[in-house]
Amino acid sequence: YTYMPINKKIAEKHKNWNTNAGENYVSNGPFKMMAWKHSGSITLEKNDQYWDKDAVKLKKINMVMIN
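Cut-offs used in this document
- Residues numbered from 1 in each chain as written.
- Predicted model: local features only at pLDDT ≥ 70, side-chain atom pairs only at ≥ 80, totals over all residues.
- Heavy atoms only, no water.
- Pairing = 2+ DSSP bridges.
- Helix = DSSP H or I, 4+ residues; strand = E, 2+ residues; numbered from the N terminus.
- Axes fitted to C-alpha atoms, helices over the stretch in contact; angles between N-to-C directions.
- Buried < 20%, exposed > 50% of the residue type's maximum accessible area, 1.4 Å probe, protein only.
- Contact = heavy atoms within 4.5 Å.

Take the sheet that holds strand 1 (residues 31–37) next. Read from one edge to the other, the open sheet built from 3 strands follows the order 1-2-3, with strand pairing classed as antiparallel. In the strand order of this sheet, the two ends are held by strand 1 and strand 3 (60–64), each with one partner. Across the sheet, the axes of successive neighbouring strands diverge by a mean angle of 15°, strand direction being ignored. The sheet contact formed by strand 2 (residues 41–46) and strand 3 spans 5 bridges and is antiparallel. What sits directly across from Ser41, in strand 3, is Val64.

The following block contains the structure:
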C-alpha cells in the first residue's frame, strides 16, 4: 500500500522507478522527494501540486537514517 497509487505508464516504462529518487521517481501526497542518499538521509519538499497544499504547513523535511 505504501506505493499505491502509482502512475502506470511510468511503472511500465521504468521498471526500477522505485529504487532511486531520480527523475522517474513517482509518488503522491503533500511532499515530493528531492534527495535520497541511501543509508544516509532523505529530503522532502512541499508538493505545490498536492490537492490540499494550503493545509500543508511545512516547507521541507530532512530525515536522517540511523542504523
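We now examine the side chain of Asn47. Position of Asn47 relative to the elements: it lies in the loop between strand 2 and strand 3. What makes Asn47 buried here is its relative accessible area of 13%. Discounting residues that sit within four places of it in the chain, Asn47 has contacts with Gly29, Pro30, Phe31, Lys32 and Lys53.

These figures come from the coordinates and say nothing about function on their own.
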